[in-house]
Amino acid sequence: MKESQNHLNHKQRVDLGSFYTPKDIVGLTSSLLQKNVENITDFSIFDSSCGYGSFLTLKIKAKRFIGADVDKQAIDEAKKTTKDVEFFEGNSLQNVARQNYQITDDEKLIMIGNPPYNDTTSIIRQSIKDKSVQDEIDQDIKTRDLGMSFLLSYDKLKANYICVLHPLSYLIKKANFTSLGKLIKNYKLIDGIIISSHEFSDTSRGMAFPILISLYTRDRSGMNYEYVKNYKFQTKERKTFCLNDFDTIVNYISKYPNKKYISDTSKPVAKFYTMRDINALKRSRTFIENDTANTVYVIMDKLPYYCYVDVFKKYADKLPYYFGNCDVIINHEEFEKIKECFIAESVHNNQILKKQFKFRDIPNAGAKIEEYFNKLLRKHIYAAN
Ligand SMILES: C[S@@+](CC[C@H](N)C(=O)[O-])C[C@H]1O[C@@H](n2cnc3c(N)ncnc32)[C@H](O)[C@@H]1O
C-alpha cells in the first residue's frame, strides 16, 4: 500500500512523524483548494514534508508542483508514483527560504501536506526522536512541537495559502494558539474540515483526537483567539462544531493544583486530580486521596462542580472525537437545577467520596442526569446536524 511507509520501522516512523495520508483525505484537501482559491493554475504548490508524495498527485492543475522531505528513501518512492514534480531532499525547517526551491519572490505559493506533529518535549517519545534533525531547526521557528514549526516555516516562505493537516489543538488550546506567533499574525483560517486521527491506520491505536484539514490565507489582519472561538468548524461527518456554543467548567472551578489559593477558613472537603482536556479525563482519575503535586483541593461550595466532572467522565466516551481537546462542557443553568443529583450520583458511585460523605438518595437522579446530557449533546450524538 502506498499509504504505509514500508521502508521505515516503528522507531523511524515516530522520529520523522511519518504517518502517510489516505487518499480520501488528500481528496478533501483538493476540494478545499478548489472551492476557495481562484486561478490555481497561477500558483506553485509545495509540500515540504511530502513523504511518498500523496499530496503531489492532487487532481489540480498548477504552475509547478514541488516536494521536499528529509527522508531520501521516501523521495525515491515519491518519484516513482508522481509526474512532473520537482523534488528536494533535506531538512525543510533549516535555513528556510524560497530560493532553496527556486521559488521566486513574486511566485504565488500554496503550501500543502501533512507535516509531522509530535511534541518535541514529550518524555515518552524523546528517547526515540531523531535529535540531529530537531537540533538544526531555525531559531525563529523553533517551538515545542514539530508541526507548529512547520506552520511557522510556511509563514517564513510567505505562502499565499496554507492548506495542511494539523491537530485541532494547535488552534483551540489557547497556549498553543499563542505559540503560533507569526502564523496567527499573518494568516487567517478561511475553511477547514475536522477529521479523526483514526483515519490514519497507523495512529489508530491511541485515543482518537481531532485533526483539522485547514485552509489559511495570508492576511495582514491575522486572527485572534476570539476568531477561533467563534469559528464554525465543519467535521467530515457533516456536523458543525463551534467552541462558543459551549460553556466550560473552567469558568467555575480550578483545573490545576490550587493549594496556595486555599485560605485557612475554607477547609478542603475533597481532593481531585488535575484536569486537562476531555481526552485526558477519560484516562485519568477524578477524586483522589493523596496529596500530590497534581492535587486540586475542593472546597464545599465547589463540590457539586467536581461531582459533575466525575459523572461527566462516564459520558465522555459517548462524545464524538472532536470534543477530545476541549475542557469539560457544562450547561450551567440546567446544571444548577439538578446539582443535587450530580452530588448524589457521584457519592453513590465513587468509592473515595462514599467514605467521606453520607449518601442522600434523590429520586430519579439518574434519569434527570441522563436527560441533562441528552439535551447538552443531542446535536452531536443523537441527531443529524
Ligand atoms: C506525516 S508524514 C506525511 C507525508 C505525506 N505528506 C503524506 O501525507 O502522505 C511526515 C513526513 O515529514 C517528513 N519530515 C519529518 N521531519 C522533516 C523535516 N525536518 N524536513 C522535511 N521533512 C521532514 C517525514 O520524513 C515524513 O515523510
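Reading the values: rules and limits
Residues numbered from 1 in each chain as written. Predicted model: local features only at pLDDT ≥ 70, side-chain atom pairs only at ≥ 80, totals over all residues. Pairing = 2+ DSSP bridges. Helix = DSSP H or I, 4+ residues; strand = E, 2+ residues; numbered from the N terminus. Contact = placed C-beta atoms within 7 Å. Axes fitted to C-alpha atoms, helices over the stretch in contact; angles between N-to-C directions. Domains from an automatic or database assignment. Nonpolar A, V, L, I, M, F, W, Y, C, P; charged D, E, K, R; others polar. Near = placed C-beta within 6 Å. Left-handed = near helix turned anticlockwise from the far one by under 90°. pLDDT = per-residue confidence, 0-100.

## What about the pairing of strand 3 (residues 85-89)?
Pairing of strand 2 (residues 64-69) with strand 3 involves five bridges; the strand directions are parallel. By the bridge assignment for strand 3, Gly67 is matched with Phe87.

## Quick word on the sheet that holds strand 12 (residues 287-288)
Strand order across the open sheet formed by three strands is 12-11-13, with antiparallel pairing between neighbours. Looking at the sheet topology across the chains shown, the edges are occupied by strand 12 and strand 13 (295-299). Where strand 11 (residues 268-273) meets strand 13, five bridges bridge the pair, whose relative direction is antiparallel. Each bridged residue has a counterpart across the sheet, and for Pro268 the counterpart in strand 13 is Ile299. On top of the sheet, helix 12 (residues 303-316) reaches strand 11, strand 12 and strand 13; it is set at about 30° to strand 11, its chief contact.

## Here's the deal with the domain arrangement of the chain
For the chain, the domain assignment lists domain 1 (10-242) and domain 2 (247-381). Inter-centroid distance (C-alpha atoms) of domain 1 to domain 2 is 37 Å. Between domain 1 and domain 2, the contact holds 13 residues from the first and seven residues from the second. Those elements that place two or more of their residues in the side of domain 1 that touches domain 2 are helix 7 (169-172) and strand 6 (187-196). Its residues assigned to classes, the side of domain 1 that touches domain 2 comprises eight nonpolar, three polar and two charged.

## Some words on the site of the ligand
Within the structure, the ligand sits among 24 residues, and Tyr20, Thr21, Ser49, Gly51 and Asn114 are positioned closest to it. A breakdown of the residues in the shell around the ligand according to their chemical character gives eleven nonpolar, ten polar and three charged.

## With respect to the packing of helix 14 (residues 339-349) against helix 16 (residues 365-381)
Relative orientation of the contacting elements helix 14 and helix 16 amounts to 115°, with a least axis distance of 9 Å. Classified by chirality, the crossing of helix 16 by helix 14 is left-handed. Residues Cys341, Phe342, Ala344 and Glu345 of helix 14 form the contact with helix 16, whose participating residues are Ala365, Gly366, Lys368 and Ile369. In terms of residue class, the contact of helix 14 with helix 16 is made up of five nonpolar, one polar and two charged.

## Structural notes on the confidence of the model for the chain
Residues at a pLDDT of 70 or more form 91% of the chain, whose mean pLDDT is 90. Contacts for the low-pLDDT stretch residues 121-128, under 50 throughout, to residues beyond four places or in other chains number six contacts.

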